[in-house]
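# Observations on chain architecture
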Amino acid sequence: MSEAVLTLSNVGYRWPGRAGFALTVPDLAVALGESVLLLGESGSGKSTLLSLICGAILPDSGVVSIAGTEISSLSGGARDRYRAEQIGVIFQQFNLLPFGTVSDNILLPLRFAPARRKRAGVALAEATQLCATLGLPEGVGSEKASALSVGQQQRVAVARALIGHPPLIIADEPTSALDANSQAAFLDLLFAQTQTHQTSLLMVSHDPRLGERFDRVINIEDIAKIARSAS
Ligand code: ADP
Ligand code: MG
C-alpha cells in the first residue's frame, strides 16, 4: 500500500454553539501524490473538514494525522508551524494580505516553516518563477495584492500554496469565481505542479464535472456521517 500523507480516523466535530450540525469521519486517507476531489452540497461540512485537516480547528474526538504526525498532539504554535511546513492551503476567498505585495503574500508561509524555506532555495527567485509559470505579468511581485484582478489574486493564492513544495495541497472551491476556460487553465497549472513534485491534492468543489481530472472523486456523504438540523 502506498504511503498516506493524510489520515483521519473516527474524527468527530461540532461547531461550538451549533448543536444542530455534527460531522463524523470514520476513515479517510489520501496517498502520496494522489489527487482527490471532494464533492458535496452547500452546508454539508466540506470547509469544516478542511479546517480539521489543516488544524485550524481540533476534533472533539478521533485523530487527524499529516505525514505521520497527529496534529492535535501539537501545541498551538507548533501546530501553526507544522501546518506551514506540510500543507499549502488555497482558501475559497484566497485570504491574501491586501496591503502586502504579491511577493510578501507568496513568501508568507515560509516565515513559519524553515524546512519548506530551505526547499524553496532562493525564495524570492522561486516566487518569481511561480508567478511566471502561473501566467502572472512580469514584475507583479512588487504590486499590492489588492491591486490585482480576481483571477490574478487566485494565481497568487496558488503560488503561495505551492512555494517550497509542501507534501499536501488543500483547496476550498478555488475555481468557483472563474469561468470555464479559466477554470481549465487553473487546473492545468495546479496539476502540472503537483505532478512534478508528487504533491497530494485534496480539492473541494460542488462541480462534479471537474472529477475526470482527479485520481479519485469522493462525496462527503459517502465518507462522513453528517447531522444537520435547524438550531
Ligand atoms: P460547506 O463548506 O460544505 O458548505 P461548512 O463546513 O461551511 O459546509 O458548514 C457546515 C456547517 O457548519 C454549517 O451548518 C455551517 O453553518 C457551520 N459552520 C461552518 N463554519 C462555521 C463557523 N466558523 N462557526 C460556526 N458554525 C460554522
Ligand atoms: Mg465551504
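Scroll up to find the structure.
Residues numbered from 1 in each chain as written. Chains lettered and ligands numbered in written order. Predicted model: local features only at pLDDT ≥ 70, side-chain atom pairs only at ≥ 80, totals over all residues. Heavy atoms only, no water.

A few words now on the pattern of salt bridges. Opposite charge on two side chains permits pairing when their charged atoms draw close. Across all of its chains, the model carries six salt bridges by this definition. Of the charged contacts, one joins E41 and R228 as a salt bridge, the two residues approaching to 3.6 Å between their closest N and O atoms. With E41 in the loop between β3 (35-39) and α1 (46-53) and R228 in strand β10 (residues 225-228), this pair connects stretches of sequence that are 187 residues apart. Among the ionic pairs, D188 bridges to R213, the shortest N-O distance being 2.5 Å. Of this pair, D188 sits in helix α7 (residues 180-196) while R213 sits in the loop between β8 (200-205) and β9 (216-219); the two residues are 25 residues apart in sequence, bridging distant segments of the chain. Using a relative accessible area of 32% as the deciding quantity, one classes R213 as partly exposed. Counted as one network, the salt bridges with shared partners bring together E41, E221 and R228. (Salt bridge = Lys/Arg side-chain N within 4 Å of Asp/Glu carboxyl O. Helix = DSSP H or I, 4+ residues; strand = E, 2+ residues; numbered from the N terminus. Buried < 20%, exposed > 50% of the residue type's maximum accessible area, 1.4 Å probe, protein only.)

Here we come to the site of ligand 1. In the vicinity of ligand 1, the residues found are W15, R18, F21, E41, S42, G43, S44, G45, K46, S47 and T48. Here an oxygen atom of ligand 1 and a side-chain polar atom of W15 are 3.2 Å apart. In this structure, T48 approaches ligand 1 through a side-chain N or O atom, which is 2.5 Å from an oxygen atom. Starting from 550 Å² of accessible surface for ligand 1 in isolation, the protein chains cover 66%. (Near = heavy atom within 4 Å. Polar contact = N/O pair within 3.5 Å; in protein donor to acceptor, adjacent residues only side chain to side chain. Areas by Shrake-Rupley, 256 points an atom, 1.4 Å probe, with all protein chains shown as cover.)

What follows deals with the sheet that holds strand β7 (residues 168-172). Read from one edge to the other, the open sheet built from five strands follows the order β6-β7-β8-β3-β9, with strand pairing classed as parallel. Each edge of the sheet is formed by a strand with only one pairing partner; in this case those strands are β6 (87-90) and β9. The average undirected angle you get between the axes of adjacent strands in this sheet is 15°. Contacting β6 and β7, helix α6 (residues 150-162) runs over the sheet at an angle of about 170° to β6. Its contacts with the sheet place α7 against β3, β6, β7 and β8, and it is angled at close to 155° to β8. (Pairing = 2+ DSSP bridges. Axes fitted to C-alpha atoms, helices over the stretch in contact; angles between N-to-C directions. Contact = heavy atoms within 4.5 Å.)

Next up on the list: the sheet that holds strand β4 (residues 61-66). Strands belonging to one sheet form pairs held by backbone hydrogen bonds; the direction of such a pair is parallel or antiparallel. Strands sit in the order β5-β4-β1-β2-β10 across an open sheet of five strands; the sheet is antiparallel. The sheet is open, and its two edges are formed by β5 (69-70) and β10, each paired on a single side. By the bridge criterion, eight bridges tie strand β1 (residues 4-13) to strand β2 (residues 21-31) in an arrangement that is antiparallel. What sits directly across from T7, in β2, is A29.

For the rest of this paragraph, the subject is the side chain of R160. Residue placement: R160 occurs in helix α6. The buried charged residue R160 lacks any salt bridge, with D104 as its nearest oppositely charged partner at 11 Å. Each residue touching R160, except ones within four places of it in the same chain, is listed here: F91, F94, N95, L96, N105, I106, P109 and R116. (Lys, Arg positive; Asp, Glu negative; His and termini not counted.)

Moving on, we get to the packing of aromatic side chains. One pass over the structure, following the stated rule, counts two aromatic pairs. On the basis of an interplanar angle of 90° and a centroid distance of 5.2 Å, the ring pair of Y13 and W15 is categorised as edge-to-face. Assessed through its relative accessible area of 32%, W15 is described here as partly exposed. The interplanar angle of 75° and the centroid separation of 5.0 Å between the aromatic rings of F191 and F214 together place this pair among those described as edge-to-face. With F191 in helix α7 and F214 in the loop between β8 and β9, this residue pair connects regions lying 23 residues apart in the sequence. Accessibility expressed as a relative area gives 8% for F214, which makes it buried. (Phe/Tyr/Trp six-rings, centres within 6.5 Å; stacked < 30°, edge-to-face > 60°.)

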